[in-house]
Amino acid sequence: MAVSGVLLVLFIIAHMAGNLHVFEGPEEMNAYAHGLRTFGEPLLPHETLLWIMRLGLIAAAVAHIASAIVLTRRAARARPVRYAHRRPARGESRHAAATMRWGGVVIVFFLVWHLLDLTFRTVNPVKDAPDAYGAVVASFTPERWPVTVLYLLAVIALGFHLRHGIWSAVQTIAGPDHKWRKRTQIIALAVAVIVSAGFAIVPLAVTFGLVS
Amino acid sequence: MKLRLRIWRQAGAEDKGKMVPYVIDGISEDASFLEMLDVLNEQLIAEGEDPVAFDHDCREGICGACSLMIDGQAHGPQGATTTCQLHMRQYSDGDTIDIEPWRAGAFPVVKDLVVDRSSFDRIIQAGGYISAPTGTAPDAHAVPVPKPDADAAFSAAACIGCGACVAACPNGSGMLFMAAKVAHLGLMPQGQPERHTRVLGMVAAHDEAGFGGCTNTGECSAACPKEIGLDVIGRLNADFRKAATRAA
Amino acid sequence: MSTHEYYVDGDPIADTKAPDGPINERWERRRFTGRLVNPSNRRKLRVIVVGTGLAGASAAATLGELGYRVSNYCFQDSPRRAHSIAAQGGINAAKNYRNDGDSVYRLFYDTVKGGDFRSRESNVHRLAEVSTEIIDQCVAQGVPFAREYGGLLDNRSFGGAQVSRTFYARGQTGQQLLLGAYQALERQVAAGTVELHTRHEMLELVVVEGRARGIVVRDLVTGEVTTEIGDAVVLATGGYGNVFFLSTNAKGCNVTASWRAHRQGAYFANPCYTQIHPTCIPQSGEHQSKLTLMSESLRNDGRVWVPKAHGDDRAPADIPEDERDYYLERRYPAFGNLVPRDIASRAAKAVCDEGRGVGPGGLGVYLDFADAIGRLGEDAVKAKYGNLFDMYERITGENPYERPMRIYPAVHYTMGGLWVDYDLQSNIPGLFVTGEANFSDHGANRLGASALMQGLSDGYFVLPNTISDYLADGPFEAVPEGHEAVDAARKAVDDRIAFFLGNDGDRTVDSFHRELGKIMWEYCGMERTDEGLRKAIGLIRDLKDEFYKRVKVTGKAAELNQELEKAGRVADFFELGELMCIDALHRTESCGGHFRAESQTQDGEALRDDEHFSYVAAWEFAESEPVLHKESLEFEYVKPTQRSYK
Ligand SMILES: Cc1cc2nc3c(=O)[nH]c(=O)nc-3n(C[C@H](O)[C@H](O)[C@H](O)COP(=O)(O)OP(=O)(O)OC[C@H]3O[C@@H](n4cnc5c(N)ncnc54)[C@H](O)[C@@H]3O)c2cc1C
Ligand code: HEM
Ligand code: HEM
Ligand code: SF4
Ligand code: F3S
Ligand code: FES
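Keep in mind it's a predicted model, so treat the numbers as computed, not measured. (Residues numbered from 1 in each chain as written. Chains lettered and ligands numbered in written order. Predicted model: local features only at pLDDT ≥ 70, side-chain atom pairs only at ≥ 80, totals over all residues. Heavy atoms only, no water.)

1. Re the overall build of chain C
So, point 1. When you go through chain C residue by residue, the secondary structure sums to 17 helices and 20 strands.
So, point 2. On C-alpha atoms alone, chain C measures out to a radius of gyration of 24 Å, which is about the 26 Å that the 2.2 N^0.38 rule sets for 646 residues.
So, point 3. Within chain C, the proportion of its 646 residues that are buried is 65%.
So, point 4. A sequence separation of at least 24 residues applies to 73% of the contacts in chain C between residues at least 6 apart. (Helix = DSSP H or I, 4+ residues; strand = E, 2+ residues; numbered from the N terminus. Rg over C-alpha atoms; globule rule 2.2 N^0.38 Å. Buried < 20%, exposed > 50% of the residue type's maximum accessible area, 1.4 Å probe, protein only. Contact = heavy atoms within 4.5 Å.)

Following this line, the structure appears as structure tokens:
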């Protein structure tokens, strides 16, 4: 869980940074997308890096979802009878119990749409593969505001997921002492906020016409 | 004061069980929570009903026997307090209080509010000790222990084995209990030789017993009457990682 | 053989195992003369250990490790919850790590004197010798004792001792020692040498042809009654302070195992010796179910006082300095607030009897930290006693930093118990008794921090060495299914259960227990008189009759039935209570925890009568009147002197 989670975190940070190319204009963004595909050419075949990354990503995602399912089923068996009286959580990661699993599901649904939208372009008006910029802009036009809302929702879910996920992964892998645990929690929160904001800004910018 | 109680009644392990309402009056605010239940039981016996079974012994917060889920909080609303140390001045006249047993697959209900926590003993059997055959020990001063380590070991060793951590954990995990022991023994020089086998053995016994996995939500520590911190879980994880890599 | 009003005289007894010779060689000699069991034969011998407190868990773990087959029982759901877990203060050992003049001999001397010359010199010396090994053993197990910055063990002085020989783990020494023993025990369970039976209560001892051969137990979850047969039985079932209903003991503490053995012939020694602890949180009302001890260490900095005027119910802060009576400092200028437990307890009772007590019912005295806070600052006081203050506040709802604590004495420890010889064997061959359940090492009064020492000494070091002398004759003949002794024991248990459940009564067990406790506290508590004890015996007998007529026990036999458990325990407390009163009545002297108002010095201090009472009173059970066997006590090394704390 932790290892796959960390890989996903690394991807998500890189992805967010990549998305910010949007603000540099169509050429830069498309060049970046192109660069990813032609990295190492002609030594390496087309899209090598991208596929290595994709395979790693798929493996991580599968491992991540699989272990999430295992953990969830174990938890269900570990508490076969629920409490009659339930209370809000009061632990150090008090949103985690409520947000991690449902948040994960939200992210999965989002991803399906997202891949159809921006990778396969099935649901995107811009079918021209190299024009990532155009696809992004087309995706978030004001008329398609529900798409923007869906993205924002996913980004919020992701923020919660990261807030807990990052420190949780550090706790699982490194086992920090009290001082470092508190620091990790702060870092996790910061990363979560930055990543969420970094993602959210793109659709918002497009929707409100700052990028077109 | 007068209180409405809703208590989980279950005749035996096989019985289905349900929440049953009771009303009791004339409770002193100086009474402890368990003394309030004593009063209820006296009343039930007088009415020819079966009194409510609950575990308790020392009634001073150290044996770890008492174990009630009170309004959805393990050991009730007061921090760092066992059920037996909770006093009725925390409540006001007319309050409704829900009382349930610890809920965990690894802690099956025996009767009413009494659960079977022998799974904790099995975790200890799987390595929660330092092998020191009687009579073979060197002089106590032969191995100095740095005071910070000794203090940290003590803080972890303060666990009373009550199971509130499991009861509070959304995953029904016994991680905090297990990690407290791993941390206590792992912080002492005496505990080093068995450090790796201990953590592997205990984690295996923990999983075998049907506890859930830890996802670091921290509810356990918030419910722990001895305020065992999440750093013990970090220590267990680190030890486990090292032990597992070495074993592999 | 003469007859007295409540008992008859029996033959004197002697401790036939006690070695003679120089006191510091006796234990070694006994170990050498005792026979051993060949390691390959140990597997064939089953030892039943009842109790998982310090005394029981340490014995079971050690015997298991030696290769015996051990069955270990406790009534709690886990061995770790035995009452030993509650001990706060510490454990003594003659390590002399402070270089402050301590030695095995000094610990021996202090303990004999502290026991007010009513213990056996040989036993006490052995205890002092073994004390050092206990600390080594516990440290090796990882017990997190308090340490100093240099990494070495810290010590403190405890209970008025002049040397610092007490090892401690914050305020939870008993817990940490018990967890050490519990973990050693669980290790043996994993190794397959010890079989653990939790939530099982011993309800009868099985004696076959004069030997203790087994026990009858009830599974507290299913209600099933079974018999286990073995080659020896060890009782490590703790003390009986709960006969008083309110005490510092855990709710489950009981005398049943000991009492059942007593009824089968084991002598009960010095039942009247009870220790009353001066610093407990007073009772707050009728709902009270137990009393909580506040560590003795509080008396190091707190000052004890009551108002000078009777019935002065002003808030403590409103009572001016010159209207307060710091009675301990006034009466005992040399020791002041640090006088021994029994003296502090009686003094508190005296001022409350005068009507100067404070708090609900006038049963309390102030323990005031205002001076200490003024002198050391609140932070320093918090660092030293913070957790105790928090505990006090949780229980009473009062803040002891602002308002003096209220304290009152409470029953704490029972020095009496089943009679054992130097080998810890009772007069029934094959029945061994360890820890608080036996009477052996504390005489008429126990020093602070020495019960933990005794429990572990018995379990780790003494019993495993002495029991082999008995087991060397084993394995004993198999006891066939349906043997009459087994059947009789089982039938006794079944009949009792059937009686309680079938009784058409209308009063709860607790209501009887509470009433018995009040009688015991009133007449057989801190101060005892001829008249009061006679009255108590009558009251107890009447109450007992009423108990059997009117007690109501709900539920069934074949289930978890906590009322049924209590009923059996309270039934035994009635019989014990009566014997305690008879013992207290017959001992017309005052000694240690036993204060007879008729026997005091002019200043109101306990006055011993060595000429007539320098003996252990070992009582034999009889349906009519108990039989008194005396074991006389000789003091070769520590000559009896009268205590003085002026
Ligand atoms: C609040 C408090 C503080 C104390 N502080 C100190 C201190 O600081 N220093 C010190 O030296 N001493 C202290 N003492 C005294 C000391 O704790 C006890 O004397 C000692 O722990 C007794 O140990 P034990 O093993 O003999 O019995 P216990 O620990 O009482 O164990 C009895 C065992 O017997 C079992 N048992 C009993 N009856 C039955 C039955 N019928 N069937 C099956 N099992 C049975 C129980 O389940 C339990 O496992 C304190 C005592 C109290 C109450
Ligand atoms: C695809 C959908 C996803 C699902 C179903 C999912 C589900 C889960 C679940 C159930 C947990 C463990 C529960 C918990 O810790 O409370 C978890 C942990 C975690 N997730 Fe996800 N997640 C998903 C996507 C992601 C993504 C995209 C990232 C990275 C950005 C991520 C990073 C993490 C991290 C770091 C952890 C903590 C690992 C640990 O506890 O050791 N997850 N996830
Ligand atoms: C909200 C702002 C987001 C924007 C503008 C955005 C944009 C893009 C674009 C343009 C692509 C296609 C890249 C390419 O094919 O060259 C892409 C792919 C992808 N995105 Fe996003 N994304 C966003 C959020 C997210 C989030 C929150 C996640 C994960 C939880 C995510 C996961 C992915 C994945 C897995 C791919 C496929 C990568 C691949 O094809 O290798 N995206 N995204
Ligand atoms: S860790 Fe805390 S909550 Fe869990 S068993 Fe120990 S004391 Fe109880
Ligand atoms: S609440 Fe449960 S998830 Fe882990 S941090 Fe505590 S065991
Ligand atoms: S009864 Fe012992 S901790 Fe509550």
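Now that the structure has been shown, the text picks up again.
2. Topic: the overall build of chain A
So, point 1. Tallying secondary structure elements over chain A gives seven helices and zero strands in all.
So, point 2. With the C-alpha coordinates of chain A rotated into their principal frame, the extents come out at 55 × 45 × 35 Å.
So, point 3. Counting over 212 residues, chain A shows a buried share of 40%.
So, point 4. A separation threshold of at least 6 residues defines the contact pool for chain A, and within that pool the share at least 24 residues apart is 68%.
So, point 5. Total accessible area on chain A stands at roughly 11900 Å², and carbon and sulfur atoms take up 75% of it.
So, point 6. Across chain A, the mean location of the 20 positive side-chain charges is 26 Å away from that of the 11 negative side-chain charges. (Areas by Shrake-Rupley, 256 points an atom, 1.4 Å probe, with all protein chains shown as cover. Lys, Arg positive; Asp, Glu negative; His and termini not counted. Charge placed at Lys NZ, Arg CZ, Asp CG, Glu CD.)

3. Brief notes about the site of ligand 3
Residue and element names in this part refer to chain A.
So, point 1. In the vicinity of ligand 3, 20 residues are found, and the nearest of them are His15, Asn19, Arg37, Arg54 and His114.
So, point 2. Here Arg37 contributes a side-chain N or O atom positioned 2.9 Å from an oxygen atom of ligand 3.
So, point 3. Contacts to ligand 3 include His114, whose side-chain N or O atom sits 2.6 Å from a nitrogen atom.
So, point 4. Listed by contribution, the elements that provide at least two residues to the shell around ligand 3 are helix 1 (2-19), helix 3 (48-78), helix 4 (96-119), helix 6 (145-173) and helix 7 (178-207). (Near = heavy atom within 4 Å. Polar contact = N/O pair within 3.5 Å; in protein donor to acceptor, adjacent residues only side chain to side chain.)

4. Details of the coordination of the iron atom of ligand 3
Residue and element names in this part refer to chain A.
So, point 1. Ligation of the iron atom of ligand 3 by protein atoms is provided by His15 (NE2) and His114 (NE2), these donors lying 1.9 to 2.1 Å from the ion.
So, point 2. Geometry at the iron atom of ligand 3 is octahedral, judged from the six donor atoms that bind it and their angles of 85 to 179 degrees at the metal. A residue pair is termed long-range when its members are at least 10 positions apart, and His15 in helix 1 and His114 in helix 4 qualify at 99 residues. (Donors = N, O, S within 2.8 Å, 3.2 Å for Na, K, Ca; no water. Tetrahedral: all angles 85-135°; square planar, octahedral: opposite > 155°, others 65-115°.)

5. Points about the site of ligand 1
Residues and elements named next belong to chain C.
So, point 1. Contacts to ligand 1 come from 37 residues, most closely from Gln76, Ser84, Gly89, Met202 and Glu436.
So, point 2. In this structure, Ala55 approaches ligand 1 through a main-chain N or O atom, which is 3.0 Å from an oxygen atom.
So, point 3. Within the contact set of ligand 1, an oxygen atom lies 2.8 Å away from a backbone nitrogen or oxygen of Gly89.
So, point 4. Contact with the protein chains covers 98% of the free accessible surface of ligand 1, which is 1000 Å².
So, point 5. The set of elements that each furnish at least two residues to the shell around ligand 1 consists of helix 3 (54-66), strand 7 (200-208), strand 16 (405-414) and helix 12 (451-471).
So, point 6. Per-element accounting of the shell around ligand 1 gives the leading share, three residues, to strand 7.
So, point 7. Class assignment of the residues belonging to the shell around ligand 1 gives a composition of 16 nonpolar, 18 polar and three charged. (Nonpolar A, V, L, I, M, F, W, Y, C, P; charged D, E, K, R; others polar.)

6. A closer look at the domain arrangement of chain C
Residue and element names in this part refer to chain C.
So, point 1. What the domain assignment reports for chain C is domain 1 (277-412) and domain 2 (484-620).
So, point 2. Each side of the interface is counted separately: domain 1 has 14 residues, and domain 2 has ten residues.
So, point 3. Approximately 930 Å² of surface area, both sides summed, lies buried where domain 1 meets domain 2, with 53% of it carried by carbon and sulfur atoms.
So, point 4. Looking at the side of domain 1 facing domain 2, the largest losses of area belong to Glu286, Arg346 and Lys349, adding up to 53% of the total buried there.
So, point 5. The tally of links from domain 1 across to domain 2 stands at one salt bridge. (Domains from an automatic or database assignment. Buried area = accessible area lost by both parts, 1.4 Å probe. Salt bridge = Lys/Arg side-chain N within 4 Å of Asp/Glu carboxyl O.)

7. Description of the pattern of salt bridges
So, point 1. Summed over the entire model, instances satisfying the criterion amount to 83 salt bridges over all chains.
So, point 2. Across the salt bridge formed by Arg117 of chain B and Asp55 of chain B, the nearest N and O atoms sit 3.5 Å from each other. Pair noted here: Arg117 of chain B is in the loop between strand 7 (114-115) and helix 2 (118-125) and Asp55 of chain B is in the loop between helix 1 (33-46) and strand 3 (69-70), with a separation of 62 residues, a long-range link.
So, point 3. Linking Arg299 of chain C and Glu296 of chain C is a salt bridge whose minimum nitrogen-to-oxygen distance equals 2.9 Å. Glu296 of chain C shares its class with Arg299 of chain C; the two are buried.

8. Focus: the packing of helix 14 (residues 509-524) of chain C against helix 15 (residues 530-550) of chain C
All names here are of chain C.
So, point 1. Between helix 14 and helix 15, whose axes approach to 9 Å, the crossing angle comes to 175 degrees. As summarised for this structure, helix 14 and helix 15 are arranged roughly antiparallel, according to the angle between their axes. Between helix 14, through Phe512, Glu515, Leu516, Ile519, Met520, Tyr523 and Cys524, and helix 15, the contact on the second element is made entirely by Gly532, Leu533, Lys535, Ala536, Leu539, Ile540, Leu543, Glu546, Phe547 and Arg550. (Axes fitted to C-alpha atoms, helices over the stretch in contact; angles between N-to-C directions. Parallel < 35°, antiparallel > 145°, perpendicular 65-115°, else oblique.)

9. Let's talk about the sheet that holds strand 7 of chain C
All names here are of chain C.
So, point 1. One open sheet accounts for three strands, arranged 7-8-9; its pairing is antiparallel. In the strand order of this sheet, the two ends are held by strand 7 and strand 9 (225-229), each with one partner. Direction aside, the axes of adjacent strands within the sheet are offset by 25 degrees on average.
So, point 2. Pairing of strand 7 with strand 8 (residues 211-219), which is carried by eight bridges, proceeds in the antiparallel orientation. Looking at strand 8, one finds that Val208 is bridged to Arg211.
So, point 3. Most of the contacts of helix 13 (residues 484-502) go to strand 7, to which it runs at about 145 degrees, and overall it touches strand 7, strand 8 and strand 9. (Pairing = 2+ DSSP bridges.)

10. Description of the packing of aromatic side chains
All names here are of chain C.
So, point 1. Taken as a whole, this structure holds 32 aromatic pairs over all chains when the rule is applied.
So, point 2. Ring geometry for Phe432 versus Tyr470: centroids 5.9 Å apart, planes at 70 degrees, classification edge-to-face. Of this pair, Phe432 sits in strand 18 (residues 431-433) while Tyr470 sits in helix 12, and the two are 38 residues apart along the sequence. For the pair Phe432 and Tyr470, one class covers both residues: buried.
So, point 3. Both rings, one in Phe547 and one in Tyr548, keep their centres 5.2 Å apart while their planes meet at 80 degrees; by these two values the pair is edge-to-face.
So, point 4. Classification of Phe547 by relative accessible area gives buried; the value is 0%.
So, point 5. Put simply, the rings of Phe499, Phe500, Phe512, Phe547, Tyr548 and Phe574 touch in pairs and so form one group of aromatic residues.
So, point 6. Here the basic side chain of Arg42 rests over the ring of Tyr68, its NZ or CZ set 6.0 Å away from the ring centre. (Phe/Tyr/Trp six-rings, centres within 6.5 Å; stacked < 30°, edge-to-face > 60°. Lys NZ or Arg CZ within 6 Å of the ring centre and 35° of its normal.)

11. Observations concerning unusual backbone geometry
So, point 1. The omega torsion of the bond from Glu41 of chain A to Pro42 of chain A falls at 5 degrees, within 30 degrees of zero and hence cis.
So, point 2. With respect to the secondary-structure elements, Pro42 of chain A resides in the loop between helix 2 (26-38) and helix 3.
So, point 3. In the segment running from Gly474 of chain C into Pro475 of chain C, the intervening peptide bond is cis, with an omega of -10 degrees.
So, point 4. Structurally, Pro475 of chain C can be placed in the loop between helix 12 and helix 13.
So, point 5. One non-glycine residue, Glu227 of chain B, adopts positive backbone phi at about 50 degrees.
So, point 6. One non-glycine residue, Asn270 of chain C, adopts positive backbone phi at about 45 degrees.
So, point 7. By the secondary structure assignment, Asn270 of chain C is in the loop between strand 11 (268-269) and strand 12 (274-280).

12. A few points about the arrangement of the chains
So, point 1. When the two pairs of chains in contact are ranked by number of contacts, first place goes to chains B and C.
So, point 2. Considering only C-alpha positions, the minimal separation of the non-contacting chain A and chain C is 20 Å.

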